[in-house]
Amino acid sequence: MRLTQGAFSFLPDLTDAQIAKQVQYCIDKGWAVNIEFTDDPHPRNTYWEMWGMPMFDVKDAAGIVFELNECRKAHAGHNYIRVSAFDSTHTWESLRLSFITDRPADEPGFALERQEVDGRAIRYTTRSYAAQRPEGTRY
Amino acid sequence: MNALIDDVKTADATEAVDLAAEFNNSGLVEVFDELDRDLIGLAPVKKRLREIAALLLVDRARARFGLNAVSPTLHMSFTGNPGTGKTTVALRMAEILHRLGYVRKGHLVTVTRDDLVGQYIGHTAPKTKEILKRAMGGVLFIDEAYYLYRPENERDYGQEAIEILLQVMENQRDDLVVILAGYADRMERFFMANPGFRSRVAHHIDFPDYSQGELFEIGGRILAGMNYKLSAEAGEAFTRYIELRILQPHFANGRSVRNALDRARLRQANRLFAAGKPVTAEDLVTILAEDILVSRVFSGGIDSYPPIRS
């Protein structure tokens, strides 16, 4: 099951040229671009591991694509990698754009668990099949 | 470079490209006019810059006809004595390359050894990469580049920085242009010890020393920029000052001239203050001969701080 988090996730994977253009857009807006990765695809897993520092002072997308490629060397194939752009202007102070650039070849998806409580009430839980194995061996 | 080729429509083989018009349209005329106006002397440097611009324009025209143009190596080394305008030209270079579309942003990142080389094992690579990332899309100017290589210490981390630099210079030629600068003899030694650098740097530009006339002109330019002027006698005194100063050690071309004028301004201010009279605008902008003649240079000393004892 294809993970659909962040922008562009219903589109085919972006090419490097497309990623560079999106990143350049973020830089031109003055947002700090980050590269993050994780092997826990649960939608509530908001904070992914950061690859290096947020790149505040990079002026051109080539620098970020360079770093993305470094991250891919270490993590591609068994991690999700995403690029996010943080807007630090007052009243925004939050992510403005986030999109997945790399995903594992095989995405097993999520199980929906129904827990019957208090008579006929039901609580729902999603659980990633991948996350059942320990960290680092999931994909 | 790639983005550039994408944007340009392929022309018919019969169509002609007017290079002069290309030159005018790219806005390079103003850059070169400014260069001629603002930078005194440096004829070989200006000639070389024009040659590079011509090469890039021709490459662009070739791309228009679908002729495969390998993006040229634009890494450069600027050699010359202190104060000959290497940094100033590097700044202009960034702008020229930007106008020609060879760097996307045209910013200049100036670094020296301590920005690239770390203090402990494993510190150098991230530091160098950080700088390279910042410079991408623009020009990386490495001042006193020969300090990167310290042959006397084989465990020096400079070597690591050099390796990363070389790798990026080779693989990401489209993304950034590296300019190395330093004194001619030491740069020569640096290139001898790092043959990888020599082959990756296509343009070696030598900055000549300024002549006395040029230095005087530079002085005039600096003063005009600060709204000062030399009286006629002060002009003569300044000419003599330059004659004497050139022969002394630690002479740093344009920089020495600027320092000398800064000191002359200081003396002028003191003179006006000590006179205790109301001053006119004319007094405030004029530097008199006595402000210059007090300089240690005229009494055989060196006009530098701290004073060098003989």
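The structure presented is a predicted model; accordingly, all values stated were derived computationally and were not measured. (Residues numbered from 1 in each chain as written. Chains lettered and ligands numbered in written order. Predicted model: local features only at pLDDT ≥ 70, side-chain atom pairs only at ≥ 80, totals over all residues.)

## Observations concerning the interface of chain A and chain B
- Facing the 9 residues of chain A at the interface are 10 residues of chain B.
- For the side of chain A that touches chain B, a count of residues per class yields 4 nonpolar, 1 polar and 4 charged. (Contact = placed C-beta atoms within 7 Å. Nonpolar A, V, L, I, M, F, W, Y, C, P; charged D, E, K, R; others polar.)

## A few points about the pairing of strand E3 (residues 139-142) of chain B
Residues and elements named next belong to chain B.
- Neither face of E3 is exposed, since Val139 and Phe141 on one face and Leu140 and Ile142 on the opposite face are all buried.
- Pairing between strand E2 (residues 108-111) and E3: 4 bridges, direction parallel. Within the sheet, the bridge partner assigned to Val111 lies in E3 and is Ile142.
- Taken together, E3, helix H8 (residues 158-171) and strand E4 (residues 177-182) form a β-α-β motif whose crossover is right-handed. (Buried ≥ 20, exposed ≤ 12 C-beta atoms within 10 Å, placed from the backbone. Helix = DSSP H or I, 4+ residues; strand = E, 2+ residues; numbered from the N terminus. Pairing = 2+ DSSP bridges. Right-handed = clockwise from strand over helix to strand, strands pointing away.)

## What to know about the packing of helix H11 (residues 212-225) of chain B against helix H13 (residues 253-275) of chain B
Residue and element names in this part refer to chain B.
- Between H11 and H13, the least distance of the axes is 9 Å, while the angle of their chain directions is 50°. Relative to H13, the element H11 is oriented oblique. The crossing of H11 and H13 is right-handed. Counted together, Leu215, Ile218, Gly219, Ile222 and Leu223 of H11 and Gly254, Val257, Arg258 and Leu261 of H13 form the full contact between these two elements.
- Split into classes, the residues belonging to the contact of H11 with H13 amount to 6 nonpolar, 2 polar and 1 charged. (Axes fitted to C-alpha atoms, helices over the stretch in contact; angles between N-to-C directions. Parallel < 35°, antiparallel > 145°, perpendicular 65-115°, else oblique. Left-handed = near helix turned anticlockwise from the far one by under 90°.)

## Things to note about the sheet that holds strand E2 (residues 49-50) of chain A
All names here are of chain A.
- What the 4 strands build is an open sheet, ordered E2-E1-E3-E4; its pairing is antiparallel. Looking along the sheet, the strands with just one partner apiece sit at the ends: E2 and strand E4 (94-102).
- Strands strand E1 (32-38), strand E3 (80-87) and E4 of the sheet are contacted by helix H2 (residues 61-75), whose axis makes an angle of about 10° with E1.

## A look at the environment of Asp102 of chain A
Residues and elements named next belong to chain A.
- Positionally, Asp102 belongs in strand E4.
- For the pair Asp102 and His78, spaced 24 residues apart in sequence, the C-alpha separation works out to 9.6 Å.
- Apart from residues no more than four positions distant in its own chain, Asp102 is found in contact with Arg72, Ala76, Tyr80 and Ile81.

## What about the domain arrangement of chain B?
Residue and element names in this part refer to chain B.
- The domain boundaries assigned to chain B delineate domain 1 (2-207) and domain 2 (212-299).
- Measuring from the centre of the C-alpha atoms in domain 1 to the corresponding centre in domain 2 gives 36 Å.
- With 7 residues of domain 1 at the contact, the number on the domain 2 side is 9 residues.
- When grouped by side-chain class, the residues that make up the side of domain 1 that touches domain 2 number 2 nonpolar, 5 polar and no charged. (Domains from an automatic or database assignment.)

## Points about the environment of Phe207 of chain B
All names here are of chain B.
- Secondary-structure assignment places Phe207 in strand E5 (residues 203-207).
- Along the sequence, Phe207 and Thr84 sit 123 residues apart, while their C-alpha atoms lie 6.3 Å from each other.
- Setting aside anything within four residues of it in sequence, one finds Phe207 in contact with Leu42, Val45, Phe78, Thr79, Gly80, Thr84, Gly85 and Lys86.

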